[in-house]
Amino acid sequence: MLDPQFRVVSFSFPRQRRLLSAGDFRHVFDQACYKAYCPGLLLLAAPSQTEETRLGFVIGKKHVRLAVNRNRIKRVVRDSFRHHQHDLPPLDIIVLAVKGAANIDTQQLHGQLDKAWRQLCRKAQTKSHQDGQAPKTRNRAAKHQA
């Protein structure tokens with residue numbers, strides 16, 4: 001029997017974890033407090049309007065010409081986000097493709113995203129300490145049940 005203090009963490013990417021409406025995207029673009037850059041991608045983040053960390057994409061044809069590459073980038077970012085979502089504070093995050101995004105292979109992209117998630121988390125915690133608030137990090141074991 002499982003100990004009740006250990007809860008199963010869900011690594012899904014449900015609808016409430018996504019930025020869906022134009023208003024959600026506008027909020028992040030207008031109030032982006034945090035930025036993280038990795039070659040080919042720029043991550044913009046703003047404090048979440050909900051208690052969830054949410055993710056949205058802006059992967060345009062201008063920077064990633066082929067649909068297969070745009071879909072690969074989104075798939076890799078989603079996968080990386082699923083594994084880091086419980087470590088991030090409540091942020092609304094937009095992933096923007098910039099010049100050179102199509103040239104990054106999948107392994108490099110995973111490694112760069114790991115660094116970018118840590119960078120966003122660190123910046124959000126630093127900002128909350130400066131504002132006199134307690135940091136809002138999440139504990140993997142104490143969050144969502146499957």
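Placed above this text is the structure.
The structure reproduced in this document is the subject of the present report. (Residues numbered from 1 in each chain as written. Predicted model: local features only at pLDDT ≥ 70, side-chain atom pairs only at ≥ 80, totals over all residues. Heavy atoms only, no water.)

Turning next to the overall build of the chain. The number of helices and strands found in the chain is 3 helices and 4 strands. Helices and strands in the chain line up, N terminus first, as α-β-β-β-α-β-α. Residues classed as buried in the chain amount to 41% of the 146 residues present. Sequence separation of 24 or more characterises 82% of the internal contacts of the chain that already satisfy a separation of 6 or more. As displayed, the chain has an accessible area near 8500 Å², and 51% of this comes from carbon and sulfur atoms. (Helix = DSSP H or I, 4+ residues; strand = E, 2+ residues; numbered from the N terminus. Buried < 20%, exposed > 50% of the residue type's maximum accessible area, 1.4 Å probe, protein only. Contact = heavy atoms within 4.5 Å. Areas by Shrake-Rupley, 256 points an atom, 1.4 Å probe, with all protein chains shown as cover.)

Before going further, it helps to examine the sheet that holds strand 1 (residues 34-38). Reading across the sheet, the 4 strands line up as 1-2-4-3 and stay open at both edges, with mixed pairing between neighbours. Among the strands making up the open sheet, the edge pair consists of strand 1 and strand 3 (54-58). Shown here is a sheet whose adjacent strand axes are inclined to one another by a mean of 20°, direction ignored. Looking at chain direction, strand 1 and strand 2 (residues 41-47) are connected through 5 bridges and run antiparallel. Looking across to strand 2, one finds that Lys 35 is bridged to Leu 44. Here helix 1 (residues 22-31) sits on the sheet in contact with strand 2, strand 3 and strand 4 (91-97), set at roughly 95° to strand 2. Contacting strand 2, strand 3 and strand 4, helix 2 (residues 67-84) runs over the sheet at an angle of about 165° to strand 3. (Pairing = 2+ DSSP bridges. Axes fitted to C-alpha atoms, helices over the stretch in contact; angles between N-to-C directions.)

Next up on the list: helix 2. Here helix 2 is 18 residues long and its end C-alpha atoms lie 26 Å apart, about the 26 Å a rise of 1.5 Å per residue gives. Listed as buried for helix 2 are Asn 69, Arg 70, Arg 72, Ile 73, Val 76, Val 77, Ser 80, Phe 81 and His 84. Viewed along the axis of helix 2, the buried residues span an arc of 160°, placing them on a single side of the element. (Expected span 1.5 Å × (residues − 1). Arc of directions from axis to C-beta.)

A cluster of basic residues, Lys 35, Lys 115, Arg 118, Arg 122 and Lys 123, forms a positive patch at the surface. No other element matches the 4 residues that helix 3 (residues 106-130) contributes to the positive patch. (Patch = residues over 30% accessible without salt bridge, like charges linked within 9 Å, V, L, I, M, F, W, Y side chains within 5 Å. Salt bridge = Lys/Arg side-chain N within 4 Å of Asp/Glu carboxyl O. Lys, Arg positive; Asp, Glu negative; His and termini not counted. Charge placed at Lys NZ, Arg CZ, Asp CG, Glu CD.)

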